[in-house]
Amino acid sequence: GNVLPERTSSIEDRTLAGLLPDPSEFEPDVCASRNHQPHRKNYFQPSKELISRLRRYEVRHRECASQARNFFRTQKRGKKGDCRYVVWIGYSGLGNRLMSLSSAFLYALLTDRILLVDGTKHIGDLLCEPIPKASWLLPPEFTVEWLQALNESSPQRFRHLPNSTDGGGKLQTADFSYVQLTHTSDHRDESFFCDESQDHLESVPWVFMKTNNYLPPAYYFVSKFSADLAALFPDREVLFHVLGNYLFHPSDMAWEWITRFYRSYLSDRDRLVGIQIRTFHDSPLPHFAEQLQQCILNNDLLPKVVAGSVPKPQISGLRGPKNGTTVLMTGLDSYYFDNLRDYFLSGPTESGEIVAIHQPSHEGYQQTDIISHDLKAWAEIYLLSLSDTLITSGWSTFGYSAQSLAGIRPWILFRATDDKMPDTPCVRATLAKTLLGVRNWLMSLHL
Ligand code: GDP
């Protein structure tokens, strides 16, 4: 048996209200995490349009995935109805990868392409295959070396090329396109989000995409995507939540780790509070530990410990009620964990409630592409997503991914700075990034 808060076994529940394909379409005994969907209190249902688009997508994926090997023989311009692909290239940390993977998948849905995934970074070891009777992994003919050759200087890089004579520009054309939308991209790469570029790409059968960004907000600026997006996602705030719940199911290896940890430390509780610490600093910052404590106490996220000396200590035996709050803390460092645990061991809480704090790992530093490291990162993102309340760190896609899977609005700690704590330690966020912020960026394109 599995002691995660499981959904019942009705088809409605096992498919997350129709989001996932019928379970009988998948091989039995594969992907326990999909077969034992945890109950998410804040699950948002998909629209009918999205459900039918996904079913259509799955059929198309089965038709086209097996033909992907032909890439090296034919890269001819596609005719209408031919298979067309978007290939996601693994880049950056795991939170970034989950964001970019859902961005690439949405691009596939909007452009009638199928998504293939660069398997050289063991994404296949972390996630289950999402499409029944087909694989989403790029065939092994696309070697690490071949994919690495797609970089800033590759001739297939898709960008708007300035033309000095008439002040206008042209789009780079090639048999396949390499789209690079990373933090080093410039406005010429970002021309990807212009109508003209999307018209052009329609006849390009293969689009390779490398990004560490969450692209859906920018898709709304492409005229031919916007009506479609409005129909597929009437509530744009839940877009990442819904796509994440469709795509990201822990592999059996990851699921074993998740359930082992959950059963050992998290199952015996009334409430689970997730805290994700990411400071982007190598050494511990005492004022950030203080900031976390202020955020918790100012907003009543955990019970307060009685201040000063306890007037009448309640000395009792070792037995006592086990219920209370469990805190799941994640971070690369154990400093913030020790600090918060010390606080809760320093005296009784005002309500008498027990607070138990656990941190699964403290890996020290980011070690992306080492499987045992990535496995813990994924397991922790997933475990955080089972929280009832979430506190995450600003600037971090690790926490953002957990928040989106959960469908809850977290408290976000302002990014840690070198020397002092901000006046406001944290704020309550919206559910997902929407258009704000992206607008300014797009307006700066001047294309
Ligand atoms: P971001 O850099 O915070 O936006 O998040 P990413 O997930 O993209 O990259 C950070 C990477 O550092 C993760 O993927 C992990 O490899 C590692 N990391 C950061 N925070 C944690 C943590 O709390 N737990 C674990 N296990 N790894 C972490």
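The structure displayed is predicted, hence computed values, not measured ones.

(A) Focus on the packing of aromatic side chains. Considering all chains together, one arrives at 35 aromatic pairs under this definition. Arranged with centres 5.4 Å apart and planes meeting at 65 degrees, the rings of Phe-71 and Phe-176 form a pair that is edge-to-face. Remark: Phe-176 occurs in strand 5 (residues 176-181) and Phe-71 occurs in the loop between helix 3 (48-65) and strand 1 (85-89); sequence separation between them is 105 residues. Accessibility expressed as a relative area gives 1% for Phe-71, which makes it buried. Each ring, one from Phe-142 and one from Trp-146, has its centre 5.2 Å from the other, and the planes form 85 degrees; the classification is edge-to-face.

(B) Layout of the confidence of the model for the protein chain. Confidence in the prediction of the protein chain, expressed as mean pLDDT, is 89, and 89% of residues score 70 or more. Here residues 435-447 is a poorly scored stretch, pLDDT under 50, and it has 20 contacts once near neighbours within four places are set aside; other chains count.

(C) Representation of unusual backbone geometry in the model. A positive phi is found at Cys-31, a non-glycine position, where the angle reads about 65 degrees. For Cys-31, the location among the structural elements is in the loop between helix 1 (11-14) and helix 2 (32-35). Overall, the relative accessible area of 1% leaves Cys-31 in the buried class. Unusually for a residue other than glycine, His-122 sits at a positive phi of about 45 degrees.

(D) The nonpolar core, seen in detail. Of all hydrophobic cores here, the largest spans 100 residues; its most connected members are Leu-115, Phe-192, Trp-206, Phe-208, Tyr-219, Phe-233 and Trp-378. For this core, the leading source of residues is helix 4 (residues 94-111), giving 11 residues. Both domains that furnish three or more residues to this core are identified here as domain 1 (11-247) and domain 2 (252-308 + 321-438). With residues near it in sequence (within four places) discarded, Tyr-219 still touches Ser-103, Ala-104, Leu-106, Tyr-107, Leu-110, Phe-192, Phe-193, Met-209, Phe-225 and Leu-229. Ranked by size, the runner-up nonpolar core spans 27 residues in total, among them Ile-277, Leu-297, Met-329 and Cys-426.

(E) Expanded view of the environment of Pro-321. Here Pro-321 is to be found in the loop between helix 12 (286-298) and strand 8 (324-330). We classify Pro-321 as exposed; its relative accessible area is 66%. The sequence separation of Pro-321 and Ile-354 amounts to 33 residues, and the corresponding C-alpha distance is 8.3 Å.

(F) How the structure looks around the site of the ligand. Close to the ligand lie 19 residues; Gly-95, Asn-96, Arg-278, His-373 and Ser-396 are nearest. Within the side chain of Arg-278, one N or O atom sits 2.6 Å away from an oxygen atom of the ligand. Ser-396 is positioned such that a nitrogen or oxygen atom in its side chain is 2.6 Å from an oxygen atom of the ligand. Across the complex, the protein chains shield 97% of the 560 Å² of accessible surface that the ligand would expose by itself. Secondary-structure elements contributing two or more residues to the shell around the ligand are helix 4, helix 14 (371-384) and helix 15 (397-406). When residues in the shell around the ligand are grouped by element, the largest group, 4 residues, is from helix 14. For the shell around the ligand, the residue count by class is 6 nonpolar, 10 polar and 3 charged.

(G) Here's a closer look at helix 9 (residues 223-232). Three or more residues of helix 9 are buried, namely Phe-225, Leu-229 and Leu-232. The buried residues of helix 9 occupy an angular sector of 65 degrees when the element is viewed end-on, so they sit on one face.

(H) Spotlight on the pairing of strand 6 (residues 206-211). When you tally the buried positions in strand 6, you get 6 out of 6 residues, the bulk of the element. Inspection of the sheet shows strand 1 paired to strand 6 by 5 bridges, in the parallel sense. Across the sheet, Val-87 pairs through a bridge with Phe-208, a residue of strand 6. One ladder, built from 6 bridges, connects strand 5 with strand 6; its direction is parallel. Following the sheet pairing, Ser-177 is matched in strand 6 by Val-207.

(I) Fine view of the pattern of salt bridges. Applying the stated criterion across every chain, the model contains 17 salt bridges. One salt bridge in this structure joins Arg-159 and Asp-189, with 3.3 Å as the shortest N-O distance. Separated by 30 residues along the polypeptide, Arg-159 in the loop between helix 6 (144-148) and strand 3 (160-162) and Asp-189 in the loop between strand 5 and helix 7 (195-201) bring together distant segments of the chain. Residue classification places Arg-159 among the buried positions, given a relative accessible area of 11%. Each of Arg-157, Arg-159, Asp-186, Arg-188 and Asp-189 takes part in one network of salt bridges that share partners.

(J) Examining empty space enclosed by the protein more closely. Applying the stated criterion to the full structure yields 2 cavities of 30 Å³ or more. Approximately 40 Å³ is the volume attributed to the second largest cavity. Gln-37, Arg-40, Asn-245, Phe-248, His-249, Tyr-382 and Leu-405 together form the lining of the second largest cavity. Residue composition of the lining of the second largest cavity, grouped by class: 3 nonpolar, 3 polar and 1 charged.

The rules we used
Residues numbered from 1 in each chain as written. Predicted model: local features only at pLDDT ≥ 70, side-chain atom pairs only at ≥ 80, totals over all residues. Heavy atoms only, no water. Phe/Tyr/Trp six-rings, centres within 6.5 Å; stacked < 30°, edge-to-face > 60°. Helix = DSSP H or I, 4+ residues; strand = E, 2+ residues; numbered from the N terminus. Buried < 20%, exposed > 50% of the residue type's maximum accessible area, 1.4 Å probe, protein only. pLDDT = per-residue confidence, 0-100. Contact = heavy atoms within 4.5 Å. Core = buried A, V, L, I, M, F, W, Y, C linked by side-chain atoms within 4.5 Å. Domains from an automatic or database assignment. Near = heavy atom within 4 Å. Polar contact = N/O pair within 3.5 Å; in protein donor to acceptor, adjacent residues only side chain to side chain. Areas by Shrake-Rupley, 256 points an atom, 1.4 Å probe, with all protein chains shown as cover. Nonpolar A, V, L, I, M, F, W, Y, C, P; charged D, E, K, R; others polar. Arc of directions from axis to C-beta. Pairing = 2+ DSSP bridges. Salt bridge = Lys/Arg side-chain N within 4 Å of Asp/Glu carboxyl O. 1 Å grid on protein atoms, 1.4 Å probe; cavity = no way out; pocket = protein on both sides within 12 Å on 5 of 7 lines; lining within 4 Å. Points joined across faces, edges and corners; volume = space filled by probe spheres on them.

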